[in-house]
Amino acid sequence: GNSVTQMEGPVTLSEEAFLTINCTYTATGYPSLFWYVQYPGEGLQLLLKATKADDKGSNKGFEATYRKETTSFHLEKGSVQVSDSAVYFCALDTNAGKSTFGDGTTLTVKP
Amino acid sequence: NAGVMQNPRHLVRRRGQEARLRCSPMKGHSHVYWYRQLPEEGLKFMVYLQKENIIDESGMPKERFSAEFPKEGPSILRIQQVVRGDSAAYFCASSPTGTGLDIEQFFGPGTRLTVL
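Throughout this description, residue numbers start from 1 for each chain and increase along the sequence as written. In the order they appear in the text, chains get letters beginning with A and ligands get numbers beginning with 1. For this predicted model, a pLDDT threshold of at least 70 governs which residues receive local features, and a threshold of 80 or more governs which side-chain atom pairs are given and counted, while totals over whole chains, interfaces and linings are taken from all residues. Only hydrogens and water are removed before side-chain values are computed, so all heavy atoms of the structure are retained for them.

**Q** So what about the overall build of chain A? Which residues, and what values?
**A** The helix and strand inventory of chain A stands at zero helices and twelve strands. Working definition: helices are DSSP H or I runs of at least four residues, strands are E runs of at least two. Numbering for both runs from the N terminus. Of the regular secondary structure in chain A, the N- to C-terminal order runs β-β-β-β-β-β-β-β-β-β-β-β. In terms of C-alpha radius of gyration, chain A reaches 13 Å, essentially the compact-globule figure of 13 Å for 111 residues. Taken along its principal axes, the extent of the C-alpha atoms in chain A is 45 × 30 × 20 Å. Only protein chains enter the calculation, and the probe is 1.4 Å; a residue is then buried if its accessible area is under 20% of its type maximum, exposed if over 50%, and partly exposed in between. When burial is assessed residue by residue, chain A has 43% of its 111 residues classed as buried. Computation of the radius of gyration draws on C-alpha atoms, with the globule rule given as 2.2 Å multiplied by the number of residues to the power 0.38.

Below you can see the structure in the form of structure tokens.
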């Protein structure tokens, strides 16, 4: 079956620090990969996605590259802000109409 | 274009009561997905529906849970005889189609169910 493993949190960083949140996956077929962000009390928002190997998704300074050889999709940002504090979810979709999510990583950015 | 709407946002029920959660997909979207998020956990797929059809219910508990997406009106997730373990956030997502690697699911704000 499909599964997503995320780096355990919580992660606490100072403003302007470099962020990496690791994500690895197991899937049958060739999945699309996603990162979602969830702010307190809200639903999930799509942050970025990649649909094939070596694709790089990027948005709002966040990036992630689809690495088929290592089955990974690590999220990175060069300089985090306080407003980036949220829960981040890695997910995959194998074209079956449902997504498989990781357990989420809570990021707290301190001024 | 309004996003995915869910109501109520918060629902409190006593053990043994019924809970009905509603989801109105984005305009033009005919595919709906329900997910459950337990505290401190990720989202777990429950069911995938198209208008008047259940496409995949592999994540639904075998008893007490049911879902529908009628031709007219919102999708409904129904939980009968709720128990404390049903307390969770229930999220609905919608997409314009259900196939293709580039399909994005748009999520609603969720319904937080508390069972006393």
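Further notes follow.
**Q** Pulling in residues and values, what's your account of the sheet that holds strand E7 (residues 65-68) of chain B?
**A** Residue and element names in this part refer to chain B. Read from one edge to the other, the open sheet built from four strands follows the order E1-E3-E8-E7, with strand pairing classed as antiparallel. Each of the sheet's edge strands pairs with one partner strand only, and the pair in question is strand E1 (5-7) and E7. Ignoring which end each strand starts from, the neighbouring axes of this sheet average 15° apart. Here, any two strands with at least 2 DSSP bridges between them count as paired. Of the pairings in the sheet, the one linking E7 to strand E8 (residues 75-79) comprises four bridges and is antiparallel in character. The residue bridging Ser66 from the neighbouring strand is Arg78, located in E8. To get an axis, a line is fitted to the C-alpha atoms, and for a helix only the part in contact is used. The angle between two axes follows their N-to-C directions and goes from 0 to 180 degrees.

**Q** With reference to specific residues and values, describe the interface of chain B and chain A.
**A** With 26 residues of chain B at the interface, the matching set in chain A holds 22 residues. Buried area between chain B and chain A, both sides added, is near 1,800 Å², and the carbon and sulfur share of it is 47%. Salt bridges are counted wherever a side-chain nitrogen of Lys or Arg sits within 4 Å of a carboxyl oxygen of Asp or Glu. For the pair chain B and chain A, the number of links is one salt bridge. Between Lys44 of chain B and Asp103 of chain A there is a salt bridge; the shortest N-O distance is 3.5 Å. The term polar contact refers here to a pair of N or O atoms within 3.5 Å; inside protein, the definition further demands a hydrogen-donor-capable atom paired with an acceptor-capable atom, and it admits residues adjacent in sequence only when both atoms are side-chain atoms. Inspection of the region where chain B meets chain A yields three residue pairs in polar contact (both at pLDDT 80 or more). Contributing elements (two or more residues each) for the side of chain B that touches chain A: strand E4 (31-37) and strand E5 (43-50) of chain B. Contacts between residues were defined by any pair of non-hydrogen atoms, one from each residue, lying within 4.5 Å. Using a 1.4 Å probe, buried area is obtained as the accessible area two parts lose upon being combined, added over both of them.

**Q** Could you give me a rundown of the environment of Glu18 of chain B, with the residues and numbers involved?
**A** All names here are of chain B. Of note, Glu18 is situated in the loop between strand E2 (10-13) and strand E3 (19-24). Setting aside chain neighbours within four positions, we find Glu18 in contact with Arg13, Arg78, Ile79, Gln80 and Gln81. At 2.8 Å, the side chain of Glu18 forms a polar contact with the side chain of Arg78.

**Q** Requested: an account of unusual backbone geometry, with residues and values cited.
**A** Note the cis peptide between Gly9 of chain A and Pro10 of chain A, where omega equals -10°. The topology assignment puts Pro10 of chain A in the loop between strand E1 (3-6) and strand E2 (11-14). Here the bond from Asn7 of chain B into Pro8 of chain B is cis, since omega is -5°, no more than 30 degrees from zero. One non-glycine residue with positive phi stands out, namely Gln81 of chain B, at about 50°. Tracing the sequence through the fold places Gln81 of chain B in the loop between E8 and strand E9 (88-95). Assessed through its relative accessible area of 54%, Gln81 of chain B is described here as exposed.

**Q** I'd like a rundown of the pairing of E1 of chain A, residues and numbers included.
**A** Residues and elements named next belong to chain A. Judged by which residues are buried, E1 turns out to be one-sided: Val4 and Gln6 face inward and are buried, whereas Ser3 and Thr5, on the alternate face, are not. Bridge count between E1 and strand E4 (residues 23-26): four bridges; the pairing is antiparallel. Note that in E4 the partner of Ser3 across the bridge is Thr26.

**Q** Which residues make up the pattern of salt bridges, and what values go with them?
**A** Counting across every chain of the model gives seven salt bridges over all chains. When the shortest N-O distance is used, the salt bridge between Lys52 of chain A and Asp55 of chain A registers 3.4 Å. Across the pair Arg64 of chain B and Asp86 of chain B runs a salt bridge, and its minimum N-O distance is 2.7 Å. Within this pair, whereas Arg64 of chain B is found in the loop between strand E6 (53-56) and E7, its partner Asp86 of chain B is found in the loop between E8 and E9, the two being separated by 22 residues in sequence. According to the relative accessible area criterion, Arg64 of chain B is partly exposed, its value standing at 24%.

Worth remembering: the numbers are spatial, not functional.
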